[in-house]
Amino acid sequence: MSLIDLSWRNMKRNFRLYTIYFISMLVGVVIYFTFSGLMYNKDVVAAIQNKENYQTVILIASVIVFLFIVFFILYANSFFMKQRKKEFGMYLLYGMKERQVATMVFFETLFLSAFAVAGGILIGGLLSKFFGMVLMNLMHYNDDISFAFPLKAILSTILIFVLLIVIITIQSYFNVRRVQLVELFHAKEKMDKPFKFSFILAILSILLIAGSYYTITLSGHTELWSEHFNLVLIATTAALIIGTYLFFRQFSGWLLQKMSERKNYLLGNKMLWISSLRFSIRGNTINFTFNSLISAVVIFGVGFIAVDYAVKADVVKKEFPNHFVFSTPNENALTEVEEILNDAHPILAHETITGIQTEKITDRTPFYSYPQYYTEEFYLFPESQLNAIVDLRGVGDKVNVEENEAILLTRGIDDPTKYSDLTITVLGDQAFEVTEKIRYPLLSIPTNPGGDTGPQPSVLVISDEVFDSLKEKNVLSSYEIYQIDDPNTSNEESRKIHKIITGTEGAYYSAYVDEYSTNTESSSLVLFSVAFFAVIALFALGSVIYFKQLREATEEKEHYAILRKIGVEDKELKKIIRKQLLFVFLPPLLLGLAHSWFLLYYTVIQVIQDLPSLTTIIFSVMGLYVLTYFIFYISSTSIYYKIINEKNTR
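Residues numbered from 1 in each chain as written. Predicted model: local features only at pLDDT ≥ 70, side-chain atom pairs only at ≥ 80, totals over all residues. Heavy atoms only, no water.

Enquirer: Can you help me understand unusual backbone geometry in this one?
Expert: For Asn404, which is not a glycine, the phi torsion comes out positive at approximately 65 degrees. Examined against the element boundaries, Asn404 turns out to sit in the loop between α14 (383-393) and β4 (405-410). Of note, Leu427 is a non-glycine position whose phi angle comes to about 55 degrees, a positive value. For Leu427, the position within the fold is in the loop between β6 (423-426) and β7 (430-439). (Helix = DSSP H or I, 4+ residues; strand = E, 2+ residues; numbered from the N terminus.)

Pasting the structure below:
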């Protein structure tokens, strides 16, 4: 019998074990091909406004996905090899060489990979329409997405998994070489020993976690964080990780030990599941810690990005309240612009404002917290024109400026401030007393359809009387402000108008849709990618737990067979399994939820207080995570019971 025949027979004989491994590879192919397919899908690329940014983000996401897949499949292969140690021992005993065993494993991996790649590409292509539509919906585009199997995506997927086959084969070969023959026969006979737990270390774990939580509550504008940010961040992270490890290593073990010392320990089935957990706590500590920390990172990451996505649209509306605003062109160009707008997006309102441009003021630190984001020259506008724009937008408060007073207009990065002793001198000798700084962008940040932006015009609002006296001696600049119907879909109009306006050197142009498209596409891509990563992480965590329980169930078959012989019924066995696995799933989940809640509450909820749906978004993310974990728990208890029941049904 050739090695190829032997490999094929092994796959048919151990169908269930190979199925687990195959599904791991299949999911990896589907996920990678989905991302790769989106990068080359013509319908998606055609709909995206910032194509270079899109392909860069998807490429980076594909690389991260691939690294996840490599880690996960290598873990699955490691489990797969451990489960087959006795089988490999028999082959070596019958005279096969290590190289031949590794070759056999190579053929098995090749067969599985071929099926996984073919099936994964087919499923990924079919799913490409669904995920493409999800991405379009996130970006608020209405473009149709077709099923696609891009040749570049197929080739890159095949090449990636050829590389993965080589890595798996090398890993398998070294696994076979590393283990002695005697160990192979006794691989499943190793058992964890009961571990003595320290009350001091158990309390230390609680103190470390509580201390890290308290430090997180101080984040924001406290001196501790502002003056020692990096040091505090490292210390808090280290305390959280060490505290989590000790919580599962010491506190949970100490708790189980105390439970075993209680008088009711021998009542019911407590002794059975508590003693089992006490024996396995040492081996599960790393898994518990890893699951808890990864859960916290996943929930925090998805929650943070989801909130960022929800906030972005509102921020763009505040920072770019003008649908279109540009320096006034000649009469013919203005007529052409209005025709372009009316053809697709009827003009709802139009206002012309006139200002005076001053000389450059290089030192603007007294006026702005971030002067680099504003132009060096200031623009003076009368209060009546600002009040007219307030009426036009229906947002904001009207102002009343006294003679020689001025109000400074800023963007969102500057906090509103009232001044009692701040003056500015412009136009040579004209001094104004700046009374306050308010967030109200009369002229938005300059944009272009490619996504680039420039410094925002520095605007001072002065009294009508003073403006009238100054305009006679200075050159005036006028600007056209348009509000249109459905500005979110005016990308094509923006490109046409931008070309007309910027034909004049030094012209000013800003469109809401330019920044809306850039921000919406970027935040949608990030949310889409992070959600995908979260799914991968969840699948990996669920699989790690599944593999762990599969191994433990296989090792404990004999223990449960003994329980059956002494009269323990199936109903009681199921209760024992449920309680035992509840301890495996629940503590890591609860601690992960607690970690993520403190992070989200003090870095997101307290910072962004004016978003009504904020807590709904965060609780939805947590709820979905808990639901997924619950599904893993239910399926694991079912699989565990089936495994320990197999031997007794033969």
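Enquirer: What is the right way to look at the side chain of Thr358 in this model?
Expert: Within the secondary structure, Thr358 is located in strand β2 (residues 347-360). Under the relative-accessibility criterion, Thr358 is labelled buried at 6%. Other than its neighbours up to four places away in sequence, Thr358 contacts Glu377, Phe378, Leu380, Val426 and Leu427. (Buried < 20%, exposed > 50% of the residue type's maximum accessible area, 1.4 Å probe, protein only. Contact = heavy atoms within 4.5 Å.)

Enquirer: What exactly am I supposed to notice about the pairing of β4 here?
Expert: Among the six residues of β4, five are classified as buried, and the element is accordingly described as predominantly covered. As paired strands, β4 and strand β8 (residues 456-462) are joined by four bridges and run antiparallel to one another. When the sheet's bridge partners are listed, Leu408 is paired in β8 with Leu460. (Pairing = 2+ DSSP bridges.)

Enquirer: How should the pattern of salt bridges be read in this particular structure?
Expert: Any two side chains of opposite charge can pair, given that their charged atoms come close. Enumeration according to the criterion identifies five salt bridges in this entry. Among the salt bridges present, the one from Lys418 reaches Glu436, with a minimum N-O distance of 3.3 Å. Pair noted here: Lys418 is in strand β5 (residues 417-418) and Glu436 is in strand β7, with a separation of 18 residues, a long-range link. Of the residues examined, Lys418 reaches a relative accessible area of 68% and is grouped as exposed. (Salt bridge = Lys/Arg side-chain N within 4 Å of Asp/Glu carboxyl O.)

Enquirer: Looking at this structure, how should I read the nonpolar core?
Expert: With 105 residues, the main nonpolar core has Tyr54, Ile73 and Met136 as its most contacted residues. Here the element with the most residues in this core is helix α17 (residues 512-555); it accounts for 16 residues. Look past the residues within four positions of Tyr54 in its chain and what remains in contact with it is Leu38, Met39, Val44, Val45, Ile48, Leu135 and Leu525. (Core = buried A, V, L, I, M, F, W, Y, C linked by side-chain atoms within 4.5 Å.)

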